[in-house]
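Observations on the three-dimensional arrangement
If you want the building blocks of each chain, they are given just below.
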Amino acid sequence: MVYNFSAGPGVLPKEVLNKAAQELVDFEQTGMSVMEMSHRSSHFQEIIDETESLLRELLEIPESYHVLFLQGGASLQFAMIPMNLMTVNKTCDFIHTGTWTGKAMKEAANMGSVNVVASSEDAAFSYIPLIEEINFNEDADYIHICHNNTIYGTKYIDLPSNDRVPLVADMSSSILSEKIDISNFDLIFAGAQKNIGPAGLTIVIIKSELLKRIPNGVPTMLDYRTHVESGSLFNTPPTYSIYMAGLVLKWIKEMGGVAAMEEYNAQKAKLIYDLIDNSWLFNGLAMRAYRSTMNVTFSTGSQSLDRKFLARATEEGLIALNGHKSLGGMRASIYNAMPLEGVEKLVELMKKFEREN
Ligand code: PMP
């Protein structure tokens, strides 16, 4: 038995993979695979409609928001967001919390001025800056945050709230893992390959009001209006990834929805954090108040012991626990689909390793 702690593409529910295997060659007696199906067919229309309605139901997305199924990864959103939205005063605010806000800032800077209103770079991105101490700019076209920092294992507890300035959030590694109030955000985006399904699909949830500020001249495929107006079917969308996302969403619903996932995720994360807090060998890399329930980062403080632990974990079938190359140490990505047993096995091994070293 292998438990996959990869940060992304990440673990998918076994039930979903089995269902996809069953339907791989012949989807609902159509005599063909979803992979072979025209994106203009009524069968695929049903798939994409159902996937959208499940996402709307699970996240309680208000009618005033559009849901888009796009390609290009979260990374393309780093450019699409400023192209479409940094159009009024050509300036935006960023809270800089690591690699993914850094990359987004670089793209935004090609299109206007970027204000870094707060940053946690001074402590290796191990925390989220205190929101109440930040001076946001009233003329910013939006505020950009990364809701869960996959590499460092930090997540937001409080959100910037400003009635006038829209809030844009990268939720690639936190979407569907905990309850959120969509109305606190104006645009949410996420690459699918962690909590939604296979890679190749990017989800964007955008408040319809924001479409008004999109200028003319944005290349067709990069203009949000193109995808709103065509129901994400302007060109061939990643059909199989959308189908798989639909299966994952059904699985989340059967598990009790996002609230149940949140409870399950908190239970899994607590097992590892409790061990770290009581360990003389392992230490957590993120500040306690901002610890992620999706990506748990830790280290022994010694590179050679970390390597020894990782080798041992791999032998035991606990794979992809290595930290991001920029940070080192270990990272356990425990997305929705990571079963509790996987985390229990990891914690057992950590205890054993501590006794032996
Ligand atoms: N944002 C976050 C928070 C991520 O974790 C990642 C990928 N790990 C990205 C953006 C980039 O996503 P993609 O590979 O889909 O472009």
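Everything discussed here concerns the structure shown above.
To keep things clear, this report deals only with the structure shown in the data block. (Residues numbered from 1 in each chain as written. Predicted model: local features only at pLDDT ≥ 70, side-chain atom pairs only at ≥ 80, totals over all residues. Heavy atoms only, no water.)

1. Let's talk about the packing of aromatic side chains
Taken as a whole and assessed by the stated rule, the structure comprises nine aromatic pairs. Taking the centre distance of 5.2 Å and the plane angle of 55° together, the rings of Phe125 and Tyr152 count as tilted. With Phe125 in the loop between β4 (113-119) and β5 (143-146) and Tyr152 in the loop between β6 (148-149) and β7 (154-155), this pair connects stretches of sequence that are 27 residues apart. Both residues of the pair, Phe125 and Tyr152, count as buried. Seen in terms of ring centroids, Phe282 and Phe309 are 5.3 Å apart; in terms of plane orientation they differ by 70°. Their pairing is edge-to-face. Here Phe282, found in the loop between α7 (257-277) and β11 (283-284), pairs with Phe309, found in helix α8 (residues 303-315); they are 27 residues apart in sequence, far enough to count as distant. In this pair, the class of Phe282 matches that of Phe309, namely buried. An aromatic cluster is built from Phe282, Phe298, Phe309 and Phe353, whose rings are joined through pairwise contacts. (Phe/Tyr/Trp six-rings, centres within 6.5 Å; stacked < 30°, edge-to-face > 60°. Helix = DSSP H or I, 4+ residues; strand = E, 2+ residues; numbered from the N terminus. Buried < 20%, exposed > 50% of the residue type's maximum accessible area, 1.4 Å probe, protein only.)

2. What to know about helix α4 (residues 99-109)
Within α4 the residues assigned to the buried category are Thr101, Ala104, Met105 and Ala108. Each buried residue of α4 sits inside an arc of 105° when the element is viewed along its axis, so together they form one side. Close packing links the buried residues of α4 with α3 (73-85), β3 (91-96), β4 and β5. (Arc of directions from axis to C-beta. Contact = heavy atoms within 4.5 Å.)

3. Observations concerning the sheet that holds β11
Reading across the sheet, the three strands line up as β11-β12-β14 and stay open at both edges, with antiparallel pairing between neighbours. With partners counted over all chains shown, the strands left at the sheet margins are β11 and β14 (330-333), one partner each. Bridge count for strand β12 (residues 295-299) against β14 is four bridges, and the pairing is antiparallel. Residue Asn295 lies in a different strand from β14, and its bridge partner there is Ser333. (Pairing = 2+ DSSP bridges.)

4. Details of the site of the ligand
Taken together, Gly73, Ala74, Ser75, Phe78, Trp100, Cys146, Asn148, Thr150, Asp170, Ser172, Gln193 and Lys194 make up the full set of residues near the ligand. A distance of 3.0 Å separates an oxygen atom of the ligand from a polar side-chain atom of Gln193. Burial of the ligand by the protein amounts to 84% of the accessible area it has alone, namely 400 Å². Among the elements that take part in the shell around the ligand, α3 stands out by supplying four residues, more than any other. Residue composition of the shell around the ligand, by class: four nonpolar, six polar and two charged. (Near = heavy atom within 4 Å. Polar contact = N/O pair within 3.5 Å; in protein donor to acceptor, adjacent residues only side chain to side chain. Areas by Shrake-Rupley, 256 points an atom, 1.4 Å probe, with all protein chains shown as cover. Nonpolar A, V, L, I, M, F, W, Y, C, P; charged D, E, K, R; others polar.)

5. As for a nonpolar patch on the surface
On the surface, Leu24, Val25 and Met35 cluster together into a nonpolar patch covering about 300 Å² of accessible area. The topology assignment puts Leu24 in the loop between α1 (14-23) and α2 (42-59). (Patch = residues over 30% accessible without salt bridge, like charges linked within 9 Å, V, L, I, M, F, W, Y side chains within 5 Å. Salt bridge = Lys/Arg side-chain N within 4 Å of Asp/Glu carboxyl O.)

6. Here's the deal with the side chain of Asn265
On the secondary structure map, Asn265 appears in helix α7. For Asn265, the residues in contact, after removing those within four places along its chain, are Ser177, Thr293, Met294, Ile334, Tyr335 and Asn336.

7. Side note on the pairing of β5
Taking every second residue as pointing to the same face, both faces of β5 are buried, with Ile143 and Ile145 on one and His144 and Cys146 on the other. Pairing of β3 with β5 involves two bridges; the strand directions are parallel. In the strand pairing of β5, Asp93 is matched with Ile143. Across four bridges, the pairing between β5 and strand β8 (residues 167-170) is parallel. Within the sheet, the bridge partner assigned to His144 lies in β8 and is Val168.

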